[in-house]
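Examination of the molecular architecture
Chain by chain, the residues run as shown.
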Amino acid sequence: MNAALRQVIEALADEAVRELMPLGGGDIGQSARATLTSGARLFVKHYPGAPAEAVGREAEGLRWLENTGTVPVARVRGVDEVQGVLLLD
């Protein structure tokens with residue numbers, strides 16, 4: 001996880017990242033846990049090189065599922081389609 005990714009997370013979360021810990025799993029992207037200075041933790045999905053609309057569409061799908069109220073879904077906290085970053089609670 002590099003400094004550029006940290007900057008994207010901080011811009012989306014509107015808060016500084018205290019710790020960024022890479023997580024395992026994922027075949028098409030990277031995942032991490034970001035701990036913010038407030039102590040809040042976010043799940044970070046990073047798809048370097050993915051088509052810009054891919055991350056936005058994933059966020060739309062998650063928001064749609066959340067709005068149905070039928071299944072628990074992590075809330076979307078931020079999306080950067082250019083950098084391929086999705087932040088989730």
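What counts, and at which threshold
Residues numbered from 1 in each chain as written. Predicted model: local features only at pLDDT ≥ 70, side-chain atom pairs only at ≥ 80, totals over all residues. Heavy atoms only, no water. Core = buried A, V, L, I, M, F, W, Y, C linked by side-chain atoms within 4.5 Å. Buried < 20%, exposed > 50% of the residue type's maximum accessible area, 1.4 Å probe, protein only. Helix = DSSP H or I, 4+ residues; strand = E, 2+ residues; numbered from the N terminus. Expected span 1.5 Å × (residues − 1). Arc of directions from axis to C-beta. Contact = heavy atoms within 4.5 Å. Pairing = 2+ DSSP bridges. Salt bridge = Lys/Arg side-chain N within 4 Å of Asp/Glu carboxyl O.

A few words on the nonpolar core. Within the largest apolar cluster, 13 residues are counted, with the highest numbers of intra-cluster contacts made by Ile9, Leu20, Val44, Val85 and Leu87. At the level of secondary structure, the elements contributing two or more residues to this core comprise α1 (3-13), β1 (17-23), β2 (30-36), β3 (41-46) and β5 (85-88). Sorting elements by how many residues they give to this core places α1 first, with four residues. With seven residues, the next largest nonpolar core counts Val55, Leu62, Val76 and Leu88 among its residues.

The first and last C-alpha atoms of helix α2 (residues 52-68) sit 26 Å apart over 17 residues, in line with the 24 Å expected at 1.5 Å per residue. Among all positions in α2, only Val55, Gly56, Ala59 and Leu62 are buried. Angular distribution of buried residues about the axis of α2 spans 125 degrees; they occupy a single face of the element. Seen from the buried face of α2, the exposed residues on the opposite side, beyond 90 degrees, are Arg57, Glu60 and Trp64. Structurally, α2 contributes buried residues whose contacts are with β4 (76-80) and β5.

On to the pairing of β4. Bridging between β4 and β5 involves four bridges; their strand directions are antiparallel. Pairing of Val79 across the sheet is with Leu86, part of β5.

For Pro72, the location among the structural elements is in the loop between α2 and β4. Sequence-wise, Pro72 and Leu87 are 15 residues apart; in three dimensions their C-alpha atoms are separated by 16 Å.

This paragraph deals with the pattern of salt bridges. All told, the structure shown has three salt bridges when counted by the stated rule. For Arg75, the salt bridge goes to Asp89, with nearest N and O atoms at 3.0 Å. With Arg75 in the loop between α2 and β4 and Asp89 in the segment after β5, this residue pair connects regions lying 14 residues apart in the sequence. Assessed through its relative accessible area of 40%, Arg75 is described here as partly exposed. Asp89 serves as the salt-bridge partner of Arg77, at 3.0 Å between the closest nitrogen and oxygen. Pair noted here: Arg77 is in strand β4 and Asp89 is in the segment after β5, with a separation of twelve residues, a long-range link. Since its relative accessible area comes to 29%, Arg77 is described here as partly exposed.

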